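Fold and geometry: a report
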Amino acid sequence: MEYGIYDILQLIGALGLFLFGMKVMSDALLKLAGNKMRSILATMTSNRFFGIFTGFLITSVIQSSSATTLMVVSFSNAGLLTLVESISVIMGANIGTTITAWLITILGFKVSMSAIALPLVGFGFIFTFLKKEQYKNWGNFIIGFAILFIGLQYLKDAMPDLKSNPEMLSFLSQYTEHGYLSILLFLFIGTVLTVVIQSSSATMALTLIMTAEGWIPFELAAAMVLGENVGTTITANLAAIIANYKAKRTARAHLVFNLIGVLWMLILFYPFLRFVDWLTTYLGSDSPYVNAAAIPVAISLFHTTFNIINTFLLAWFINPIANLVERIVPVTLMPEKEIDEPKF
C-alpha cells in the first residue's frame, strides 16, 4: 500500500480542520455567553455537586474540557475559585467531554453530516454580515459546527484503507495480542496523541474512526480512551507553568484525579469491559466483540460510564485530593520589595 508524505499531510490537514472547527465553535459560544459564564462559574460552585454540574454544563456547551479546565485554572489564579471548588468543576468537565464522543458516534457515523455541512457554512456565513454582535457569534458557531464535521469526513477519508490492505492490519496485530502489555501500550499512545494534538475530543474522534475502520479492537480503543483522560490534563498543567501556586494546584489536582481514575480502571479493566458489552447489547446495539460496527457506540458508552462512575466515586474525596495537592505544590508568596528600594 502506498501511503506517502502527501497522504500524511492530508491526514494532518483533516485533523487541523476538525480542531479549527472546534475552536471556532467554542470561541463563538464563549463570546455568546460572555461574562454570564464567568458569573455562573463563580456562583454555582458553593456545593461540590453544583460544581460538578457546572463543569459538565459548560463543557457540554463549549465542547472542550481543556477550555473549561483552562478557565478554571485562570479563575484559581485570580483567586475567584478555591481549590475544592476548582476540583469539583474539573470533575464535571470530565463528564461533559463525553458528549463529543456521542455527537461523533450519532451524527458522524449514523448521519452523513458532510452532505449538510457546506449548506450550514453558507447559512452561518449570512449571519456574520448582520450588524448585531450576537448574530455574528451565532453565525461563527454554526460555521464552526459545520467545519468540525467536514474535518471529520476528511479524517475518515484520509485514514489508510485497511480493509483492502490487510498488511497494515498485520503490522498492528503484532502489538494487539500481548494482553495487558498491549493495553498499556495503547494507553500510552492515547496519552501521547492527546498531548501532541492538545485535544482529547480530537483524539476521541481518531479513536472512533480507527474502530469504525476495523483498525483496532474494542479493548485497545478503550485503553486509548483512558490514555486520552491522562493526556488532556497536560493543557492545564502547561498553562499553570506561568501562573501562581493556586493555579498550579488546580492543574495538579486535574492530573491526580484522572490518574486515580485510570489506575482503578486498569485493575478492573476486563470486568468493566464485560459490563459495557452487556450494557451495549441491553440498549439494543450489537456486541462490540462480535460486530466491529458496534464498537463506536460501545466506546462512547465506556467513556461515559467510566467518567460518571469515576467522578461520583472521587466526589467524596475532594478534600483529601486537595490536601494531597497542597503538599505537592507548597505556598510560594511573591517576594515583597523593601520599603526603601528605589522604583527607577
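Residues numbered from 1 in each chain as written. Predicted model: local features only at pLDDT ≥ 70, side-chain atom pairs only at ≥ 80, totals over all residues. Heavy atoms only, no water.

1. Quick word on the environment of Val230
For clarity, the threshold we go by: Helix and strand assignments follow DSSP, with helices taken as H or I runs no shorter than four residues and strands as E runs no shorter than two, numbered in order from the N terminus. Exposure classes here rest on a 1.4 Å probe applied to the protein chains alone. A residue is buried below 20% of its type maximum, exposed above 50%, and partly exposed in between. Here, residues are in contact when the closest pair of their heavy atoms is within 4.5 Å.
Take Val230: it is sitting in helix H12 (residues 218-231). The class of Val230 is buried, set by a relative accessible area of 12%. A C-alpha to C-alpha distance of 9.4 Å links Val230 and Phe257, two positions 27 residues apart in sequence. Once residues lying within four places of it in the same chain are set aside, the contact partners of Val230 are Thr191, Leu259 and Val262.

2. Considerations on the environment of Thr311
Within the element layout of this structure, Thr311 appears in helix H16 (residues 295-314). Accessibility expressed as a relative area gives 0% for Thr311, which makes it buried. Separated by 50 residues in sequence, Thr311 and Gly261 have C-alpha atoms that sit 8.5 Å apart. Look past the residues within four positions of Thr311 in its chain and what remains in contact with it is Ile52, Met91, Ile95 and Phe257.

3. Observations regarding helix H17 (residues 318-328)
Keep this limit in mind: The arc in question is the one spanned by the directions pointing from the helix axis to the C-beta atoms.
Listed as buried for H17 are Ile318, Ile321, Ala322 and Val325. Buried residues along H17 cover an arc of 100° about the axis, so they all sit on one side.

4. Quick notes on the nonpolar core
Condition: To form a nonpolar core, buried Ala, Val, Leu, Ile, Met, Phe, Trp, Tyr and Cys residues must be joined to one another through side-chain atoms within 4.5 Å.
Phe18, Leu226, Met265, Phe269, Ile299 and Phe302 are the most contacted members of the largest nonpolar core, which totals 53 residues. For this core, the leading source of residues is H12, giving nine residues. Discounting residues that sit within four places of it in the chain, Phe269 has contacts with Tyr180, Ile183, Glu219, Ala222, Ala223, Leu226 and Phe302. In this structure, Leu83, Ile87, Ile95 and Leu314 belong to the second largest nonpolar core, which totals 14 residues.

5. Considerations on the environment of Gly16
Here Gly16 lies in helix H1 (residues 5-33). Judged by its relative accessible area of 34%, Gly16 is partly exposed. Residues Gly16 and Leu155, spaced 139 residues apart in sequence, show a C-alpha to C-alpha distance of 9.6 Å.

6. Topic: the packing of aromatic side chains
Quick note on the threshold: Centres within 6.5 Å are what make two rings of Phe, Tyr or Trp a pair, Trp counting through its six-membered ring; a difference in plane orientation under 30 degrees is then read as stacked, over 60 as edge-to-face, and the rest as tilted.
Throughout the structure, instances matching the rule amount to 15 aromatic pairs. Each ring, one from Phe218 and one from Tyr289, has its centre 5.4 Å from the other, and the planes form 85°; the classification is edge-to-face. Separated by 71 residues along the polypeptide, Phe218 in helix H12 and Tyr289 in the loop between helix H15 (269-282) and H16 bring together distant segments of the chain. Judged by its relative accessible area of 42%, Tyr289 falls in the partly exposed class.

7. A closer look at a nonpolar patch on the surface
Inclusion rule: Residues enter patches when their relative accessible area tops 30% and they take part in no salt bridge; the joining distance is 9 Å for like charges and 5 Å for the nonpolar side chains Val, Leu, Ile, Met, Phe, Trp and Tyr. With residues, only the protein chains shown are counted as cover, and all accessible areas are computed by Shrake-Rupley using a 1.4 Å probe. One speaks of a salt bridge when a side-chain nitrogen belonging to Lys or Arg is within 4 Å of a carboxyl oxygen belonging to Asp or Glu.
On the surface, a nonpolar cluster with roughly 640 Å² of combined accessible area is contributed by Phe275, Trp278, Tyr282, Leu283, Ile309 and Leu313. Of all the elements in the fold, those that place two or more residues in the nonpolar patch are H15 and H16. With three residues, H15 is the largest single contributor of residues to the nonpolar patch. You can see Trp278 is positioned in helix H15.

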